[in-house]
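Structural overview for review
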Amino acid sequence: MLYALICTDKAHSTDLRQKTRQDHLDFLSGLGDRLKAAGPFMCDDLVSPTGSLVMIEAANRDEALAVASEDPYALAGLFESVEIRPWNWVLKNPEI
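Since the structure is predicted, the reported quantities are computational estimates derived from the model, not experimental observations. (Residues numbered from 1 in each chain as written. Predicted model: local features only at pLDDT ≥ 70, side-chain atom pairs only at ≥ 80, totals over all residues. Heavy atoms only, no water.)

Examining the overall build of the protein chain
When helices and strands are tallied, the protein chain shows three helices and four strands. Its helices and strands taken in sequence order, the protein chain reads β-α-β-β-α-α-β from the N to the C terminus. Its C-alpha atoms give the protein chain a radius of gyration of 13 Å, near enough to 12 Å, the size a compact globule of 96 residues would have. Dimensions of the protein chain, computed from the C-alpha atoms along their principal axes, are close to 40 × 25 × 20 Å. Going through the 96 residues of the protein chain one by one, you find that 30% of them count as buried. (Helix = DSSP H or I, 4+ residues; strand = E, 2+ residues; numbered from the N terminus. Rg over C-alpha atoms; globule rule 2.2 N^0.38 Å. Buried < 20%, exposed > 50% of the residue type's maximum accessible area, 1.4 Å probe, protein only.)

Structure representation (structure tokens):
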């Protein structure tokens, strides 16, 4: 099952995000084929990130939660909240 990790940054956390960015990217790369898509949510100025969307394949919600908890951004305390939602990729899914 696919899970969307919808992560919202704490206010005024741009420096923390930048400081931990490479570790976060390395972590996501390490997920291999389990990672389906990832990227930041942006402010209306289209420059400042406000959070992250990470789409992963996981056996269940607990596994998705474990991945979310191990993300270096989460470990650094960047996120104000993380929502985990199962997602069914219906249109333009390259694996169907």
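Examining the packing of aromatic side chains
For the structure shown, the criterion picks out two aromatic pairs. On the basis of an interplanar angle of 85° and a centroid distance of 6.0 Å, the ring pair of Tyr73 and Phe79 is categorised as edge-to-face. Pairing Trp87 with Trp89 gives two aromatic rings, centres 5.7 Å apart and planes at 35°, and the pair type is tilted. (Phe/Tyr/Trp six-rings, centres within 6.5 Å; stacked < 30°, edge-to-face > 60°.)

Concerning the nonpolar core
Side chains of a nonpolar character, in soluble globular proteins, are inclined to be buried together. Core analysis: the biggest nonpolar cluster contains 16 residues, and Tyr3, Leu5, Leu31, Ile56, Ala64, Val67 and Ile84 have the highest contact counts within it. Of all the secondary structure elements, the ones that give two or more residues to this core are β1 (2-9), α1 (14-30), β3 (49-57), α2 (61-70) and β4 (79-87). For Val67, the residues in contact, after removing those within four places along its chain, are Leu5, Phe27, Leu31, Arg34 and Ile56. (Core = buried A, V, L, I, M, F, W, Y, C linked by side-chain atoms within 4.5 Å. Contact = heavy atoms within 4.5 Å.)

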